[in-house]
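# Coordinate inspection notes
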Amino acid sequence: MKNPVLILSLFLMIFISCQENYKETSQEDLVFNEPFRPQYHFSPPTQWMNDPNGMVYWDGEYHLFYQYYPDSTVWGPMHWGHAVSKDLVHWEHLPIALYPDENGWIFSGSAVMDLENTSGLGTKDNPAMVAIFTYHDPIGEKEGRDDFQTQGIAYSTDKGRSWTMYEGNPVLKSPGIKDFRDPKVFWHEDSERWIMSLSVMDKISFYSSSNLIDWEYLSDFNPSWAAYGGVWECPDLFTLTTEEGEEKWILFVSINPGGPQGGSATQYFVGDFNGTTFTSTTQSVKWLDWGADNYAGVTWSNVPESDGRRLFIGWMGNWNYAQVVPTHPWRSAMTIPRTLHLSKMTEDYLVSSRPIAELKNLRTESLSIEGKAIALDAELLELELKPNSSQFQLMFTNPNSEELVLKSNGETLILERANSGLVDFEKGFGNEQKANLEGIKINELTIYLDRSSIEVFVNGGALVMTSIVFPTAPYDALQMEGFENLNQMHHLKSIWR
Ligand code: FRU
């Protein structure tokens, strides 16, 4: 081989291929294995994420779009990031789906499959996936206008891989109210039209459309007794059926601030929707999750009837401190996906949330745990525990004397993260999180621990607490008081390896 050009080309090829390999390894090792990087929760490869958006199922894939700022680890001009999953557990990161344009940044919203081609943006054979989102115009905001949030649509006819902004955007203008956002749209069978739930300051407004393009105002929902600590955001309206076969309409409304632990949280209403108006059956404030870190969650659309589940995911964060949590080079993760269930209580209804069954596939080893002091030789865990007393305590500890405590005195369930690891990035982060049991007798706990989160499901999800934590070393021991000897611990595997 005397030809110098050939030799140089060979060297170049080897060099480039080494670089490619290097890139692959570094993505895995550096980006998905940092301290605090969730190992079985969805998080963006890098930079800032908040609300889940546009969740829709189509052709074997669950789509998850999300509020994303690709230039920083704090909130900024919003885009829609994108990922897909075949099982809601393993995620494939895809390129950004929606970019800001002349109408503004891309705030939260939903996506539907326009199966009957009502919009004319696809065909019946190849229906369009249509995203309905809020445009936030930062220039209008700066100028002090009150109509800088409008609704726009975009569509894809290639399984969400490429997107076109509708040329007639915006499709719904603000009536002169600053907070006018987060459209969640579904096809209402009875009235044969699309219904949009929209957050309008501190109420939910409903709109209808025959084609996803022309929208007509229907009604408002803002009962005097609801929780009004802050602005209403990210609504969702859908049905659930009790085990006895009674169907009710459920309305989710995220509020910030004003949640039970301070800052962000999601309240829900159980009632009836007649195609125009939503009315709540009972007058009591209900929280979907009592922990500090489950916000802006909504449900997937177009889940096949053969599946029949109402599938939910939330943003595992709280606006009180989301922008200062000690993670790098990304910020925020989603909750584990959950299924929603409705039960009729004596005088009210209850929506419970349960981990999706697919998560069981992450189990690598299952052990019975007995006694009071348990060594944890894995950091990714699912625990199934049975208290034998109304007073119990669980304490997760690590060699750095950090501890995360979950305890009950029979009247409240308390999560203490004051000494759980890094906490001083925000003054309220270490506050005790407390849920009133209101007569619930805790007989079963399912707990999911990831590197920087704990999700507690009481009695089949009748009460849930989701919380993020930043231990400086993995919790490697668990002390248990008040439990039977019928407890199970499952080691889980990472979804990134
Ligand atoms: C909720 C929210 C939405 C808004 C989005 C902006 O967390 O404030 O109301 O559309 O985030 O990123």
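Calculation notes
Residues numbered from 1 in each chain as written. Predicted model: local features only at pLDDT ≥ 70, side-chain atom pairs only at ≥ 80, totals over all residues. Heavy atoms only, no water. 1 Å grid on protein atoms, 1.4 Å probe; cavity = no way out; pocket = protein on both sides within 12 Å on 5 of 7 lines; lining within 4 Å. Points joined across faces, edges and corners; volume = space filled by probe spheres on them. Nonpolar A, V, L, I, M, F, W, Y, C, P; charged D, E, K, R; others polar. Domains from an automatic or database assignment. Helix = DSSP H or I, 4+ residues; strand = E, 2+ residues; numbered from the N terminus. Buried < 20%, exposed > 50% of the residue type's maximum accessible area, 1.4 Å probe, protein only. Contact = heavy atoms within 4.5 Å. Buried area = accessible area lost by both parts, 1.4 Å probe. Salt bridge = Lys/Arg side-chain N within 4 Å of Asp/Glu carboxyl O. Core = buried A, V, L, I, M, F, W, Y, C linked by side-chain atoms within 4.5 Å. Near = heavy atom within 4 Å. Polar contact = N/O pair within 3.5 Å; in protein donor to acceptor, adjacent residues only side chain to side chain. Areas by Shrake-Rupley, 256 points an atom, 1.4 Å probe, with all protein chains shown as cover. Pairing = 2+ DSSP bridges.

Inspection of every chain in the model, using the stated rule, returns four cavities of 30 Å³ or more. For the largest cavity, the calculated volume is near 130 Å³. Of the residues that constitute the lining of the largest cavity, the class distribution is nine nonpolar, four polar and no charged. Mapped onto the domain boundaries, the lining of the largest cavity takes at least three residues apiece from domain 1 (47-354) and domain 2 (357-492). Its boundaries defined by the atoms lining it, the second largest cavity holds a volume of some 60 Å³. In this structure, the second largest cavity is lined by Pro-52, Asn-53, Ser-108, Gly-109, Asp-182, Pro-183, Lys-184, Cys-234, Pro-235, Ala-296 and Val-298. Only strand 1 (47-58), strand 5 (105-114), strand 9 (180-188), strand 13 (231-241) and strand 18 (295-299) provide two or more residues apiece to the lining of the second largest cavity. Tallying contributions element by element places strand 9 first for the lining of the second largest cavity, with three residues.

Excluding glycine, residues mostly have negative phi values, and the peptide bonds linking residues are mostly trans. Following Asn-256, the chain continues into Pro-257 via a peptide bond in cis, with omega recorded as -10°. Along the chain, Pro-257 falls in the loop between strand 14 (247-256) and strand 15 (265-273). Here His-328 and Pro-329 are connected by a cis peptide whose omega angle stands at 5°. Relative to the elements of secondary structure, Pro-329 occurs in the loop between strand 19 (311-315) and strand 20 (330-331). Non-glycine residue Asp-59 carries a positive phi angle of around 50°. With respect to the secondary-structure elements, Asp-59 resides in the loop between strand 1 and strand 2 (61-69). Unlike most non-glycine residues, Met-201 shows phi in positive territory, near 60°. With respect to the helices and strands, the residue Met-201 is situated in the loop between strand 10 (193-200) and strand 11 (203-209). We classify Met-201 as partly exposed; its relative accessible area is 42%.

Each assigned domain of the protein is listed with its residue range as follows: domain 1 (47-354) and domain 2 (357-492). Between domain 1 and domain 2, the contact holds 28 residues from the first and 28 residues from the second. Both faces considered, domain 1 and domain 2 share a buried interface measuring about 2,300 Å² in area, 63% of it formed by carbon and sulfur atoms. Linking domain 1 with domain 2 are three salt bridges. Glu-358 is the salt-bridge partner of Arg-309, the closest N and O atoms lying 2.7 Å from each other. Residue composition of the side of domain 1 that touches domain 2, grouped by class: 13 nonpolar, nine polar and six charged.

What follows concerns the nonpolar core. Phe-206 and Leu-445 are the most contacted members of the largest nonpolar core, which has 51 residues in total. In terms of residue count, strand 14 provides more of this core than any other element does, four residues in total. Once residues within four sequence positions are removed from consideration, Leu-445 is found in contact with Leu-383, Glu-384, Leu-385, Pro-387, Phe-392, Leu-394, Leu-406, Val-456, Phe-457, Val-458 and Phe-483. Core analysis: the second largest hydrophobic core is formed by 41 residues, Tyr-40, Tyr-57, Trp-105 and Phe-107 among them.

Around the ligand sit Asn-50, Asp-51, Gln-67, Trp-75, Met-78, Phe-107, Ser-108, Arg-181, Asp-182, Glu-233, Tyr-295 and Trp-319, and that is every residue in its neighbourhood. Note that an oxygen atom of the ligand is positioned 2.7 Å from one of the side-chain N or O atoms of Arg-181. In the environment of the ligand, an oxygen atom lies 2.8 Å from a nitrogen or oxygen atom belonging to the side chain of Glu-233. Computed on the free molecule, the ligand has an accessible area of 320 Å², of which 96% lies beneath the protein chains in the complex.

Taken in spatial order, the five strands line up as 4-3-2-1-20 in an open sheet, and their pairing is mixed. The open sheet has two edge strands, strand 4 (92-98) and strand 20, and neither has a second partner. The pairing of strand 2 with strand 3 (residues 79-85) spans seven bridges and is classified as antiparallel. Residue pairing in the sheet places Tyr-66 in a bridge with Gly-81 of strand 3.

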